[in-house]
Amino acid sequence: MTDNNGLDPEFLRTIGGQRVLVRSDLNVPLDGTTITDDGRIRASVPTIRALAEAGARVVVTAHLGRPKGEPDPAYSLGPVAVRLAELLGAPVAFATDTVGASAQEVVAALGDGQVALLENVRFNAGETSKDDAERGAFADQLAGLADAFVSDGFGVVHRKQASVYDVAQRLPHTMGALVAAEIDVLRRLTDDPARPYAVVLGGSKVSDKLGVIDNLLGKADKLLIGGGMVFTFLKADGLEVGKSLLEEDQLDTVRAYRARAAELGVEILVPTDIVVADSFGDEASARVVPATEIPADALGLDIGPESAAAFAAALADARTVFWNGPMGVFEQLAFAEGTRAVAKALTAIDGLSVVGGGDSAAAVRTLGFDEAAFGHISTGGGASLEYLEGKDLPGITVLED
Ligand code: ADP
Ligand code: MG
């Protein structure tokens, strides 16, 4: 697994002179045509380079943003092709369509060890279609461009999409280095993790993340809850949460989690103080209140200093930590301290510390932490969560057939 950057050596031996389609995750944030964070491109380079060095004709496919199944210049991968070439230190031929005349031409012109990038795969309605036949027809076209397939877009392996799932059914295939590394870490979080095992959950997608609690209750020793979802917990405990994020329809679910946690001896930590403001993002009105005294006309935007210290203390002896979701609205300094405290605690873990989720990873970077201080920073939040929920990831299962 560790040789060849995690790519199957047997696969690499057979690939010289072959056209290899690689699904990468190059979905980077753009400001106009400027890439504001190239982390995902960097993470994709090792697999692309290993295939090129093995003499393959590498055809990269990826998406950017959420175009509506047709070409939209605002979501062109053109700027990504330029950055990818810089990072590879080699030219990248860019096809201005995904499976059309330009793609055919660019792929036909590739020499051994050369790399091409196809235009945004989501410019084609077949990519994300729920209709198996429509998706399959597009996958046939994609598969027609190559002799083999490498799945390396970890951020999309939980999606049953043409370039992730259907294409793997049509070509000899293997896992890319990035996907292999991510799955390896996720296995360490689920199969016999070193204890104590603590899970920290926050962020804004409350119901998305409640699902993961269900599965982790049987595995983790401690659950630390912050971010937007904490107010559903506080409300379930009978507290007033003002105008904070709240999912009323999840109150019973949360109460059931509490009961199961008590039964299993799993500790659930919620904050005892909260940074509130009069309206969303109003830094001037930020103030700390006890969690039992959230004013009816205010909303909670971070865990308070007492809670941040308690969370850090609860993490100090952990040997395995998984963290997904910022503790507060870290994009604004007045609400960033809870997230900073948790990130700092993770850097001091004697064991495996894993950060999952796009915004959590961005928080670590924007708050100035050294990424190397964490055991692993995952490139795919949704995929990690679904794995930890115990769900099948279609893009992984399809590789096992
Ligand atoms: P990730 O991408 O790491 O999985 P999410 O997308 O679930 O995380 O959530 C990230 C967002 O959650 C951030 O933009 C942050 O501002 C927001 N957030 C955190 N705490 C709160 C809160 N108390 N109220 C509203 N939004 C919050
Ligand atoms: Mg997010």
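Residues numbered from 1 in each chain as written. Chains lettered and ligands numbered in written order. Predicted model: local features only at pLDDT ≥ 70, side-chain atom pairs only at ≥ 80, totals over all residues. Heavy atoms only, no water.

### Here we look at the overall build of the protein
Point 1. Scanning the protein from terminus to terminus reveals 14 helices and 17 strands.
Point 2. On C-alpha atoms alone, the protein measures out to a radius of gyration of 22 Å, which is about the 21 Å that the 2.2 N^0.38 rule sets for 401 residues.
Point 3. Seen along its three principal axes, the alpha-carbon backbone of the protein occupies a region of about 65 × 45 × 40 Å.
Point 4. Looking at the protein as a whole, 55% of its 401 residues qualify as buried.
Point 5. Considering only contacts in the protein between residues 6 or more positions apart, those separated by 24 or more positions represent 72%.
Point 6. Looking at the protein as shown, the accessible area adds up to about 16,200 Å², and 49% of this sits on carbon and sulfur atoms.
Point 7. In the protein, which carries 34 positive and 58 negative side-chain charges, the distance between the mean positions of the two groups comes to 1 Å. (Helix = DSSP H or I, 4+ residues; strand = E, 2+ residues; numbered from the N terminus. Rg over C-alpha atoms; globule rule 2.2 N^0.38 Å. Buried < 20%, exposed > 50% of the residue type's maximum accessible area, 1.4 Å probe, protein only. Contact = heavy atoms within 4.5 Å. Areas by Shrake-Rupley, 256 points an atom, 1.4 Å probe, with all protein chains shown as cover. Lys, Arg positive; Asp, Glu negative; His and termini not counted. Charge placed at Lys NZ, Arg CZ, Asp CG, Glu CD.)

### What about the site of ligand 1?
Point 1. For ligand 1, the set of nearby residues contains 21 residues, the closest of which are Ser 204, Lys 209, Glu 331, Asp 359 and Ser 360.
Point 2. Lys 209 places a polar side-chain atom, nitrogen or oxygen, 2.7 Å from an oxygen atom of ligand 1.
Point 3. Note that an oxygen atom of ligand 1 is positioned 2.8 Å from one of the backbone N or O atoms of Asp 359.
Point 4. Surface burial for ligand 1 is 91%, taken as the share of its 580 Å² of free accessible area covered by protein chains.
Point 5. Taken together, the elements giving at least two residues each to the shell around ligand 1 come down to strand 14 (299–303) and helix 12 (358–366).
Point 6. Of all the elements, helix 12 adds the most residues to the shell around ligand 1, at 3 residues.
Point 7. Classifying every residue of the shell around ligand 1 by side-chain character gives 6 nonpolar, 11 polar and 4 charged. (Near = heavy atom within 4 Å. Polar contact = N/O pair within 3.5 Å; in protein donor to acceptor, adjacent residues only side chain to side chain. Nonpolar A, V, L, I, M, F, W, Y, C, P; charged D, E, K, R; others polar.)

### Digging into unusual backbone geometry
Point 1. Across the junction of Arg 195 and Pro 196, the peptide omega takes the value 0°, indicating a cis bond.
Point 2. Inspection of the secondary structure assignment puts Pro 196 in the loop between helix 6 (177–190) and strand 9 (197–201).
Point 3. One non-glycine residue, Asp 192, adopts positive backbone phi at about 55°.
Point 4. In this structure, Asp 192 sits in the loop between helix 6 and strand 9.

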